[in-house]
Amino acid sequence: METSNRKEEPIVSVGIVSASKLCFSLNAPYTVRGSQRCGKQVVELSEGRILWESALYDELLFEPTDAQSSFTLEDVTIGVNFHWERKEAQTFLGKLRFIVQDNNICAINELPVETYLTSVISSEMRATSSLELLKAHAVISRSWLLAQMKQRKAENNNELFSAFLYISPDSVSKTTCPLNYLHVKKYLFTCREIITYV
């Protein structure tokens, strides 16, 4: 078993929330269907499709015009089955995709693996965790995630990754989470390191 470095960072698709109506805000200009939008938006399920701005779509993709552009989704459940579980507005980086799934509209966040892992590890680890434990956990989590992504791609499995422990950086920095966001960023010392079997 050895550690290897990856050159390109993959993109992970995470299912955030599903409902018949979703309210969200684009906190910076996003490109959608060839034009730019910003500010508050609403999508609703209508005739089995996505209703947005008086038109129906099978799918909608909002792409940020800048790497630091973010969007905010309302009524997102965080900390499922944890003592701090609750619904609140959550702000995320990356792309925002809407699809119809199980008679609801599903909001999907498409973002770099490292950004996703920072959030997940913040939820899983204690604030008192040592740096070495944090780094080891990051390598293991990254290895598992990338292996799952590779397997799903080989099987043509489009199942989304769960937002069970995925929360926005804004929430990670609050007391609702076990580990401070700035502390967890130390795991980036292991950026792109994975465990492989030889």
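Residues numbered from 1 in each chain as written. Predicted model: local features only at pLDDT ≥ 70, side-chain atom pairs only at ≥ 80, totals over all residues. Heavy atoms only, no water.

**Q** Explain the packing of aromatic side chains to me, please; I cannot follow it from the model alone.
**A** Any aromatic ring pair is given by two values, namely how distant the centres are and how the planes are angled relative to each other. Summed over all chains, the structure comprises 7 aromatic pairs. Taking the centre distance of 5.9 Å and the plane angle of 35 degrees together, the rings of F71 and F92 count as tilted. With F71 in strand β8 (residues 70–78) and F92 in strand β9 (residues 86–93), this pair connects stretches of sequence that are 21 residues apart. Like F71, the residue F92 is buried in the burial classification. Connected via pairs of aromatic rings, a cluster forms that spans F24, W52, Y57, F62 and F98. (Phe/Tyr/Trp six-rings, centres within 6.5 Å; stacked < 30°, edge-to-face > 60°. Helix = DSSP H or I, 4+ residues; strand = E, 2+ residues; numbered from the N terminus. Buried < 20%, exposed > 50% of the residue type's maximum accessible area, 1.4 Å probe, protein only.)

**Q** Can you walk me through the confidence of the model for the protein in this structure?
**A** Detailed reading of the predicted model is not advised wherever pLDDT is low. Of the residues in the protein, 75% reach a pLDDT of 70 or more, and the chain-wide mean stands at 80. In this model, residues 169–179 is a region of pLDDT below 50 whose contacts with residues beyond four sequence positions or in other chains number 34 contacts. (pLDDT = per-residue confidence, 0-100. Contact = heavy atoms within 4.5 Å.)

**Q** I keep staring at helix α2 (residues 131–154) and nothing clicks. Help me out?
**A** Within an α-helix, residues lying three or four positions from one another point in the same direction, as the helix has 3.6 residues per turn. When the terminal C-alpha atoms of α2 are compared, their 35 Å separation across 24 residues agrees well with the 34 Å that a helix rising 1.5 Å per residue should span. Listed as buried for α2 are L134, A138, V139, S141, R142, S143, L145, L146, M149 and R152. (Expected span 1.5 Å × (residues − 1).)

**Q** Would you take a moment to explain the pairing of strand β11 (residues 104–112) for this structure?
**A** Within a regular strand, the side chains alternate between the two sheet faces. Of all 9 residues that make up β11, 7 are buried, and the element is covered over most of its length. Pairing of strand β2 (residues 11–19) with β11 involves 8 bridges; the strand directions are antiparallel. Its bridge partner being in β11, A19 is matched across the sheet by I105. Pairing analysis gives 7 bridges linking strand β10 (residues 95–101) to β11, with the strands arranged antiparallel. (Pairing = 2+ DSSP bridges.)

**Q** So what exactly am I meant to see when it comes to the side chain of S25 here?
**A** Tracing the sequence through the fold places S25 in strand β3 (residues 21–32). Discounting chain neighbours no more than four positions away, the residues touching S25 are G39, K40, S70, F71 and T72.

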